[in-house]
Amino acid sequence: MESAETTLARYGMVIDLDRCNGCGACATACAVENNVPPANTSATERTGLTWLRVQRVSNGRQFPQNRAVYIPISCQQCGEHTPCVSVCPQNAVDVNPETGVVSQVPARCLGCRYCMAACPFHARYFNWFDPKWPDGMEATLNPDVSIRMRGVVEKCNFCHGRWQAAKAKAAANGARDIDPADYVPACVDACPEKAITFGNLDDPRSDAARASKSANAFRFLEKLGTDPKVYYRSDRAWVRRLADADVTARESEASRG
Amino acid sequence: MRFEVTRRDVMRFAGGAAIGAALSPMPWTLTDDLAIWTQNWRWIPRPSKGERSTATTACALCAAACPLEANCVGKSPIALRAAGGAQPLCSLGLTGHHLPWHPARITRPQRIERGAARPASVSIEAVVRETARAMAAARSGSGSVVVLDSRPDRSGSWAWQRLLASIEGAVVVATPGTEGSSLDALDALSSDATRLTTLDLAGARTILSFGAPVAEGWGRLSECCPGDVTLVQVEPMRSRSAELSDHWLPARPGTEGVLALGIANTLISASLVPSSVTESIADFAAYTDIVARFPLARVAAITGLAADDIALTARELAANGPTVVVAGEQPGGGPLRRSDRVAILGLNALLGSAGRIVDRAELLSPRAGEPLAPVARLESLPGRSVALLVIDASAGDVAFPWHVVDRKLASSALVVALSPYLAGTARHADFVVPTAPFLEAIHEIPSSRTEAAPALSISAPLLPAREGAIDPVAFVRMLASAGQIDLGGDWSSTESLARERVARIHAAAIGSVAQPSESASLPVASLASADELWDALAKGGRWTGDRAAANPERRVELAAGLGVDLTREVGAAQASDRTLKLVPRAARETTLTAVVSPVLSKLYRESQLRRSPGSATLSPRTAAALGLRNVRAARILTAGGSAHVSLSLDEGVMAGVVELTVAPDLIALGDAARADHRMAIDLLTPAADGSWSSIDAELVEG
């Protein structure tokens, strides 16, 4: 009923890797907005909870020819054959037809982690620990986003709370569609370099749609045919060649030598 | 017909029921219910509910004083963002509203006994008594009193200067590594030592940065130099600024000054210095003689750079002016050596464009005509001379090796820190006085040394101060009272002094206020009262005063300040084949405060974006040359001690260099229980001039 009244959108983002300086403001803003708790005492890089993780990847060459690129990786919001959706036994993962965003319903999640195994982008995180904030810091939590319990999988949902708020605002103003300026995910808002462009990829007037069609735009693991809605762009050929590489493994190997 | 229930019927019924139930939605509903039930334990935090509102103020976490808008529920901020289209906040600013609840927060004065496992709470009266006793001893000649100020030019800074005015030899010094402190080398270039100087950064088209974190917000350069600016970054490591620069010159650590003289050599020998510029340099002939000793081939051999690259850089600087040359404080590494800074900053005079040395207009003090203790440089203090050290970290903290200060302390010196947290520099104190953190009290953010015009922002509190927090200015009053020192006036708090300062600015009707919500600045003369000016500042506005008038008589002396034979220092033989250059590395925001939000553990512990504290990185080639087989764990040995570090290899690190990560430790990240009280930065032994940007170290397995 609702979708019949509102325009269907296909939200996505384009991340300019030549502008990203790896400051981490996007990852921080994401955690603050979505009530992602601080690291548990025993959390490690493998058991951490980071809806948006910035990977540093080098070109592998020796100093001083060595160059690095920072790649923010969150849920890529696959549009076709969404692997996490098809494996979830609980219907806890679904694609919202109104936004194209892959949604995660923690309350339904059993914690089987099939979706994590299926995700080719390693963009899903299992909540290994009880969510805890230092005493008193609960007062800083965002009331628009519920807290998830240990034992469920979490991931980026393009700040669903902000989309709902934008929808409520549009409804209050008697508008059918939301104002694009009212729905901007926290990471986009926080980026000091304006490296992330967000918008409706189906709207040719949106900056995101235009940027996604630029010459040097690419998507990670496009060959899998999952139609991710997160695009990247770089003028550097070696960066574009990373599109089909496992960037997480690559950097870990470099660290190990 | 007789209806008879057999055992077989019962079994069939039970089996059928089980199969039917399994095929019905019931198990799934039960599983769902179970999943929902297990997510609603009573200990799961619940976000607060209440009326939503927004409030604006200024971020007090660094000198940039970004205007920010806080989304509040009830009266509590739940999110911070840049106000009025200003530059987005950094990670530190985005999480600033977490800091009042940081686990390292203290609300009672603490005594840290040497060797004791835990600090003990004491009364504020006991702290005042002990501090006043040490002050009285210093007045009778047992040593000097020094206040280490993490943010000079605040009203609180003025209060300390006012208190110390009555104590012979007492001084206020800026905390080592404070933003803009590298520019104190400009004093050596100015023929008029009585005037404050800075660099004119406005309108630059090219920036030559020696280690300054330009792309990370250092020195408000982004505001001074809008549009396309060519950035040339000189740094031995591939920092974020180096990553985003147009040209990166990876000079060997410690050779920055030589590179500057090499560039000067090219500029002079290629006649790229206009005659009008040479006339403004008092000792141009002597400077030319020194520079002549640094031909390109020699500079290239010392710095490890290609001679062509150096020559090309020099020509680009001259051709693509106006050019600014800055020697900033490397995050975690503090300023470069003083002689290097003099050589680097001297290039500004030689290029004669935007980066010219200008007078820095002083910010009006809260009260006029009162006696004040002088401001000094830490390295100018004699060793083991300080009997009482007060660390005022109430407005922020800077990561620096404790050796820098420790060698100035007398054996029985008393160290008192003012800080909201039992973390950072305060952990070296005997007593820690709790102050109110950002968002709980008035904080002033005056202009930093990098700004030519005076400026002031006020960070107004959005939360009520927690019981027990002591106002630094009130603490000064308590000390004066205990020491029977008459300070005059009726000021008793930071707010009262700050309001006096704002009233003076209003009365002088100078400058204007930029407000986050308005596109045009508001002239102070147009404001009816000082209260109006105060309100504009408290809502995130920034007052900027007038620049000092041009000083046509100013001449600079480029040769005199060099003083040290750079060549001899650079050419000093290494202690052994295993000696490496240890270079501290940090993200800018992590060296500004004693603590960071525990949420930043996302960057430090739960991802590979930032290296964790206690880690070091070196190139695989260096590891192979040292014969390191187990590259996971190693021990770093320096003149300052030794420490175990977790080691990683990275092709992006210069050969012969080991990068030591200076990052928030576990206490700073909110995990006090597992904290290692030895900070990695304390491994760095400072040079005689107080710099610690690179030192010799050895690396051994184990």
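This one's a predicted model, so the numbers in the text were calculated from it and none came from an experiment. (Residues numbered from 1 in each chain as written. Chains lettered and ligands numbered in written order. Predicted model: local features only at pLDDT ≥ 70, side-chain atom pairs only at ≥ 80, totals over all residues. Heavy atoms only, no water.)

## So, the overall build of chain A
Along chain A, the regular secondary structure elements total nine helices and ten strands. Computed over C-alpha atoms, the radius of gyration of chain A comes to 18 Å, within 12% of the 18 Å expected from 2.2 N^0.38 for 257 residues, which places it in the range of a compact globule. Judged by the C-alpha coordinates and their principal axes, chain A covers about 60 × 45 × 35 Å. If you take every contact in chain A between residues at least 6 apart in sequence, the share linking residues at least 24 apart comes to 66%. Accessible surface computed for chain A: about 10800 Å², of which carbon and sulfur atoms make up 49%. Of the charged side chains in chain A, 31 are positive and 29 negative; the average position of the first set lies 6 Å away from that of the second. (Helix = DSSP H or I, 4+ residues; strand = E, 2+ residues; numbered from the N terminus. Rg over C-alpha atoms; globule rule 2.2 N^0.38 Å. Contact = heavy atoms within 4.5 Å. Areas by Shrake-Rupley, 256 points an atom, 1.4 Å probe, with all protein chains shown as cover. Lys, Arg positive; Asp, Glu negative; His and termini not counted. Charge placed at Lys NZ, Arg CZ, Asp CG, Glu CD.)

## Notes on the sheet that holds strand β10 (residues 230-234) of chain B
Residues and elements named next belong to chain B. Strand order in the open sheet formed by four strands is β11-β10-β9-β12, and the pairing between neighbours is parallel. At either margin of the open sheet sits one strand with a lone partner, and together these are β11 (247-249) and β12 (323-326). The mean inter-strand angle of the sheet, taken between neighbouring strand axes irrespective of direction, is 15 degrees. Across five bridges, strand β9 (residues 206-210) lies against β10 in parallel orientation. Paired with Ser 209 across the bridge in β10 is Gln 233. The sheet contacts of helix α12 (residues 307-319) involve β9, β10, β11 and β12, and relative to β11 the element is tilted by about 130 degrees. (Pairing = 2+ DSSP bridges. Axes fitted to C-alpha atoms, helices over the stretch in contact; angles between N-to-C directions.)

## Some thoughts on helix α5 (residues 155-164) of chain B
In terms of residue burial, α5(B) counts as a mostly covered element, since ten of its ten residues are buried. Of the positions making up α5(B), those classed as buried are Ser155(B), Gly156(B), Ser157(B), Trp158(B), Ala159(B), Trp160(B), Gln161(B), Arg162(B), Leu163(B) and Leu164(B). (Buried < 20%, exposed > 50% of the residue type's maximum accessible area, 1.4 Å probe, protein only.)

## Brief notes about the packing of aromatic side chains
All names here are of chain A. Per the counting criterion, the structure on display carries twelve aromatic pairs over all chains. Measuring from ring centre to ring centre gives 5.2 Å for Phe 158 and Phe 198, while their planes differ by 85 degrees; the resulting arrangement is edge-to-face. In this pair, Phe 158 sits in the loop between β7 (153-154) and α5 (160-172) while Phe 198 sits in strand β8 (residues 196-200), placing the two residues 40 residues apart along the sequence. A relative accessible area of 14% places Phe 198 in the buried class. (Phe/Tyr/Trp six-rings, centres within 6.5 Å; stacked < 30°, edge-to-face > 60°.)

## Digging into helix α16 (residues 494-508) of chain B
Because an α-helix packs 3.6 residues into every turn, residues spaced three or four apart end up facing the same way. All names here are of chain B. Helix length check: α16 (15 residues) gives 21 Å between terminal C-alpha atoms against 21 Å at 1.5 Å per residue, within 8%. Looking at α16, one finds that the buried residues are Thr 494, Leu 497, Ala 498, Arg 501, Val 502, Ile 505 and His 506. A positive backbone phi angle near 50 degrees is found at Ala 509, which sits one or two residues after α16. (Expected span 1.5 Å × (residues − 1).)

## Re the pairing of β10(B)
Residue and element names in this part refer to chain B. Counted residue by residue, β10 has four buried out of five residues, so it is predominantly covered. In this sheet, β11 lies alongside β10 in parallel orientation, the contact comprising three bridges. Within β11, the residue paired with Val 232 across the bridge is His 247.

## A short note on the nonpolar core
In this structure, Tyr11(A), Met13(A), Ile71(A), Phe158(A) and Tyr232(A) are the most contacted members of the largest nonpolar core, which totals 111 residues. For this core, the leading source of residues is helix α2 (residues 25-33) of chain A, giving seven residues. Taken together, domain 2 (52-101) and domain 4 (573-701) of chain B each give at least three residues to this core, which thus spans both. Excluding anything up to four places from it in sequence, Tyr232(A) contacts Ile15(A), Leu17(A), Ile71(A), Pro72(A), Ile73(A), Gln76(A), Asn216(A), Ala217(A), Phe218(A) and Phe220(A). Grouped together as the second largest cluster of nonpolar side chains are 57 residues, Leu199(B), Phe284(B), Ile302(B) and Leu351(B) included. (Core = buried A, V, L, I, M, F, W, Y, C linked by side-chain atoms within 4.5 Å. Domains from an automatic or database assignment.)

## Observations concerning the environment of Thr41(A)
Residue position: Thr41(A) is located in the loop between α2 and β2 (53-58). Counting along the chain gives 88 residues from Thr41(A) to Phe129(A), while the straight-line C-alpha distance between them is 9.5 Å.

## A closer look at the pairing of β9(B)
Residue and element names in this part refer to chain B. Of all five residues in β9, five are buried; the element is thus mostly enclosed. Pairing of β9 with β12 involves four bridges; the strand directions are parallel. Bridge pairing links Ile 207 to Val 324 in β12.

## Observations regarding the domain arrangement of chain B
Partitioning chain B into domains gives domain 1 (1-46), domain 2 (52-101), domain 3 (201-355) and domain 4 (573-701). Here domain 1 of chain B and domain 3 of chain B have C-alpha centroids that lie 77 Å from each other.

## Focus: the packing of α5(B) against helix α15 (residues 472-482) of chain B
Residues and elements named next belong to chain B. Orientation of α5 relative to α15, taken along the N-to-C sense of each, is 10 degrees, at an axis distance of 9 Å. In terms of axis orientation, α5 runs roughly parallel to α15. Touching Gly 156, Ala 159, Trp 160 and Leu 163 of α5 are Val 473, Phe 475, Val 476, Leu 479 and Ala 480, all from α15. When the residues that make up the contact of α5 with α15 are grouped by side-chain class, the tally is eight nonpolar, one polar and no charged. (Parallel < 35°, antiparallel > 145°, perpendicular 65-115°, else oblique. Nonpolar A, V, L, I, M, F, W, Y, C, P; charged D, E, K, R; others polar.)

## Digging into unusual backbone geometry
Residues Phe63(A) and Pro64(A) are joined by a peptide bond in cis, for which omega reads 0 degrees. The residue Pro64(A) is located in the loop between β2 and β3 (68-73) in this model. Following Gly321(B), the chain continues to Pro322(B) via a peptide bond in cis, the omega torsion being -5 degrees. Its location among the elements puts Pro322(B) in the loop between α12 and β12. Positive phi outside glycine occurs at Ala65(B), with the angle close to 50 degrees. The topology assignment puts Ala65(B) in the loop between β1 (52-58) and β2 (67-73).

## Examining the pattern of salt bridges
Inspection of every chain in the model, using the stated rule, returns 43 salt bridges over all chains. The residue Arg56(A) makes a salt bridge to Asp650(B) at a minimum N-O spacing of 3.3 Å. With Arg56(A) in strand β2 and Asp650(B) in the loop between β26 (641-649) and β27 (657-661), this pair bridges two chains. With respect to burial, Arg56(A) and Asp650(B) carry one shared label: buried. Linking Asp144(A) and Arg52(B) is a salt bridge whose minimum nitrogen-to-oxygen distance equals 3.3 Å. (Salt bridge = Lys/Arg side-chain N within 4 Å of Asp/Glu carboxyl O.)

## Describing the interface of chain A and chain B
Facing the 77 residues of chain A at the interface are 64 residues of chain B. With both chains or domains summed, chain A and chain B bury close to 5700 Å², and 57% of this area falls on carbon and sulfur atoms. Contact with chain B buries area across many residues of chain A, yet Phe63(A), Pro143(A) and Met149(A) alone supply 13% of it, more than any other trio. Counting across the interface, chain A meets chain B through three salt bridges. At the boundary of chain A and chain B, one finds 22 residue pairs in polar contact (both at pLDDT 80 or more). Taken together, the elements giving at least two residues each to the side of chain A that touches chain B come down to α2, β2, β3, α6 (186-190) and α9 (247-256) of chain A. (Buried area = accessible area lost by both parts, 1.4 Å probe. Polar contact = N/O pair within 3.5 Å; in protein donor to acceptor, adjacent residues only side chain to side chain.)

## Points about the confidence of the model for chain B
For chain B, per-residue confidence averages 88 on the pLDDT scale, and 94% of positions sit at 70 or higher. Mean pLDDT in chain B bottoms out at helix α18 (residues 566-570) of chain B, which sits at 53, and peaks at strand β17 (residues 431-434) of chain B, which reaches 98. (pLDDT = per-residue confidence, 0-100.)

## What to know about the sheet that holds strand β14 (residues 375-376) of chain B
Residue and element names in this part refer to chain B. A sheet is described by the order of its strands in space; here eight strands give the open sequence β5-β4-β17-β16-β15-β6-β7-β14, paired in mixed fashion. In this open sheet, the two edge strands, each paired with only one partner strand, are β5 (120-121) and β14. In the sheet, strand β16 (residues 409-419) pairs with β17 via four bridges, with the strands oriented parallel. Bridging from a neighbouring strand, Val 416 pairs with Phe 431 of β17. Across the face of the sheet, helix α4 (residues 124-142) comes into contact with β6 (144-149), β15 (386-392), β16 and β17 while running at roughly 140 degrees to β16.

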